[in-house]
Amino acid sequence: MHQPSMSPRPSIYYNYKVHSPWLSESTTATGNPRRQVVIVGNGPAGMVTALELARHGVRSLILTSECQFTQGSRAIVFTRRSLEILQQVGVADRLMQMGLPWRFGQSFFRGQRVFRMEAPKSDDDRFWPMLNIQQQYLEEFLHEACMATGMIEVRWGNQVVGVNQSADSVNLKVDTPSGNYELQADWLVAADGGRSAIRSLMGLGMEGTSYQGQYVIADIRVDLPFPTERLAFFDPDWNRGNTVLMHKEPHGIWRVDYQLPKGESPEEALLPERLKARIDAQLAMIGYPGIAWELDWSSVYSARTLTLPSYSLGRVQFVGDAAHLLPIFGVRGANTAFQDAQSLGWHLAWVCRGLAGASLLTNFSSERVGAAREIIEEAGKSVRFMTPPSIGHEWVRNAVLSLSLTEAFVRPLYHWRTSRPHEYTHSSLNASDDQNARFTTGPAHGAMALNVRLSDDSHLLDHLGGGFDLLWFSKHPVPDEVLRELAMWREKNWPIQVVAISHEKSPVTGADVSLCDYHGRARTIYGVDSDSAAYLLRPDQHVCGRWQDLHVPSLAKVLRQIAQEPNP
Ligand SMILES: Cc1cc2nc3c(=O)[nH]c(=O)nc-3n(C[C@H](O)[C@H](O)[C@H](O)COP(=O)(O)OP(=O)(O)OC[C@H]3O[C@@H](n4cnc5c(N)ncnc54)[C@H](O)[C@@H]3O)c2cc1C
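J.: Is there a simple way to explain empty space enclosed by the protein in this structure?
T.: A probe matching the size of a water molecule, rolled over the atoms, marks out where space remains unfilled. A full pass over the atoms with the stated rule returns 2 cavities of 30 Å³ or more. If you go around the second largest cavity, the residues you meet are Arg 81, Ile 85, Gln 339, Gln 342, Ser 343, Arg 368, Pro 421, His 422, Tyr 424, Met 448, Asp 540 and His 542. Listing elements by their share of the lining of the second largest cavity, those giving two or more residues are helix H3 (80-88) and helix H9 (333-352). Examining the composition of the lining of the second largest cavity, we find that 3 residues originate from one element, H9, more than from any other.

Pasting the structure below:
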């Protein structure tokens, strides 16, 4: 029988609440009905998938083996794109209130500052490039948002121990503190993390590489007067040949992240006296010898770049760490999980609601596997720089590091790329006969919609994402033939709205939402050069068609393509 820990996890800044487990005998009272969607995992990927499904009108049941949120801070750096996704599910404001925003990074080599990274932030961005906040708070805010929908049920302390699927259902065996029960669902979302039981139970292998380097992560409470920036120390005196990273977190906590010397085991590295000596040495190196500090949590991780080759296997869909394991340099774990969840949320909702054929899910899989492969390619470079896997890589890295003391041109090599949204350039949902090629700028096929600050100080993305959005860049009425086409899709229950953007304050006839862009910033950013231009955005805010002169047959064709309907 599964016995999750019922003692609150230790922490010096976070009060863990222990939730009551849901027991197998409750199935008698509820009748244990078949569910449309069951999500295994209550981490960032599982909860954002549930919230996205709810936003698109689909109920779900989350099963989670634990009775508390994650142990330790884990993911602490969230990107602007993640905040845009979290804004859609209603938790970005709470994160912004508590989190620490930043956009600069400093890299030091042997005590000398060699590179200052600056992530851009313009008036058009609602969010900072990065926000630091511990994963427990993120999970708490997501859980509260899930409860507020009234469409998501969570069963704490429910561990999935068996799974098999047929053509029309998935059958689960669930272990609880009072015994097992069986559960049937139309669809299963595997969001059960890096050690995914669903992945193992289905016998699925991952492709990619596991690197040798291992890293200690320690969260300490210490009073340091530094601003919120990413601090990277290459080849420091106390840890020669290795790298140390430091990040500030809310509540006076700092993350210290350093590489283990070759041959040292994780158990040895986490011995209290060894941990203390190394953190003392790091604090002394940054100018605070002997400063008092207190340990909150420590762990060891290794860099892996692994992905399943497909995230959609019949009625089982994979998201987050269950689907891929990515190194945390470049803050890719949770930030990639949000993009998976946002993508699966609308693809699966469209299938569940009968708005599109089940083959739409192969698009989810190919887009997100493509994203993971691109991330793996980039992340592999960062890992090889941080932890050279061979003598050859070590020579190149050492040459770069030494040269950087005198030569400015090599210093940008210190700037490893951070997580960013993937562009679905080759998506099967992109329009095949729109006027993408007539644009010289603006977000192209598969790219993310760009944010723009509007005349009333709101931002364009604040107004989007309930379903499909047709951005109409004109003060002229939306043409009748466009409205007739959209009415047909609305009759089929497709959520689709027309958002007019013009320099006028008055509403545009036929538009559901009219936005004033007095100075024409949106027109410039979207590369619009006519008075009848339009962009079609998917529910995840990626572009799937654009026209300088909106052409209705071409709009109708791309919508049929997304619905997986044959063209007449
Ligand atoms: C030490 C560390 C530091 C990290 N730092 C960063 C960072 O700075 N930035 C970043 O973006 N990412 C970071 N990550 C990665 C990040 O924490 C993960 O990528 C993220 O949590 C993945 O979310 P997930 O929802 O896919 O999985 P998880 O958060 O692992 O959630 C898995 C869920 O599944 C449940 N579960 C597991 N098995 C079962 C089962 N059999 N039945 C029922 N439920 C089950 C668990 O209880 C849990 O609720 C870090 C990770 C670690 C370990």
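J.: So what exactly am I meant to see when it comes to the state of the cysteines here?
T.: Here a disulfide denotes one covalent bond, and it connects the sulfur atoms of two cysteines. Enumeration over the complete set of coordinates arrives at 0 disulfides. Here Cys 67 stays free of any disulfide, with the sulfur of Cys 146 as its closest cysteine sulfur at 16 Å.

J.: Looking at this structure, how should I read the site of the ligand?
T.: In the neighbourhood of the ligand, 32 residues make up the surrounding shell, with Ala 45, Gln 135, Val 160, Asp 321 and Ala 334 lying closest. A distance of 3.5 Å separates an oxygen atom of the ligand from a polar backbone atom of Gly 43. Asp 321 has a polar backbone atom sitting 2.9 Å from an oxygen atom of the ligand. In isolation the ligand exposes 990 Å². Once the protein is present, 88% of that is buried. Elements represented by at least two residues in the shell around the ligand include exactly helix H2 (44-55), strand S9 (159-165) and H9. Among the elements that make up the shell around the ligand, the one with the highest residue count is H9 (3 residues). Residue classes in the shell around the ligand are distributed as 15 nonpolar, 12 polar and 5 charged.

J.: Got a minute to help me understand the sheet that holds strand S7 (residues 130-132) in this structure?
T.: Sheet strands pair via backbone hydrogen bonds, and the direction of the pair is either parallel or antiparallel. Strands sit in the order S3-S7-S4 across an open sheet of 3 strands; the sheet is antiparallel. The outermost strands of the open sheet, each flanked by one partner alone, are strand S3 (77-79) and strand S4 (100-102). Averaged over all neighbouring strand pairs, the angle between strand axes comes to 30°, with direction disregarded. Bridge count between S3 and S7: 3 bridges; the pairing is antiparallel. By the bridge assignment for S7, Thr 79 is matched with Met 130. Its contacts with the sheet place H3 against S3 and S7, and it is angled at close to 75° to S3.

Calculation rules
Residues numbered from 1 in each chain as written. Predicted model: local features only at pLDDT ≥ 70, side-chain atom pairs only at ≥ 80, totals over all residues. Heavy atoms only, no water. 1 Å grid on protein atoms, 1.4 Å probe; cavity = no way out; pocket = protein on both sides within 12 Å on 5 of 7 lines; lining within 4 Å. Points joined across faces, edges and corners; volume = space filled by probe spheres on them. Helix = DSSP H or I, 4+ residues; strand = E, 2+ residues; numbered from the N terminus. Disulfide = S-S within 2.5 Å. Near = heavy atom within 4 Å. Polar contact = N/O pair within 3.5 Å; in protein donor to acceptor, adjacent residues only side chain to side chain. Areas by Shrake-Rupley, 256 points an atom, 1.4 Å probe, with all protein chains shown as cover. Nonpolar A, V, L, I, M, F, W, Y, C, P; charged D, E, K, R; others polar. Pairing = 2+ DSSP bridges. Axes fitted to C-alpha atoms, helices over the stretch in contact; angles between N-to-C directions. Contact = heavy atoms within 4.5 Å.

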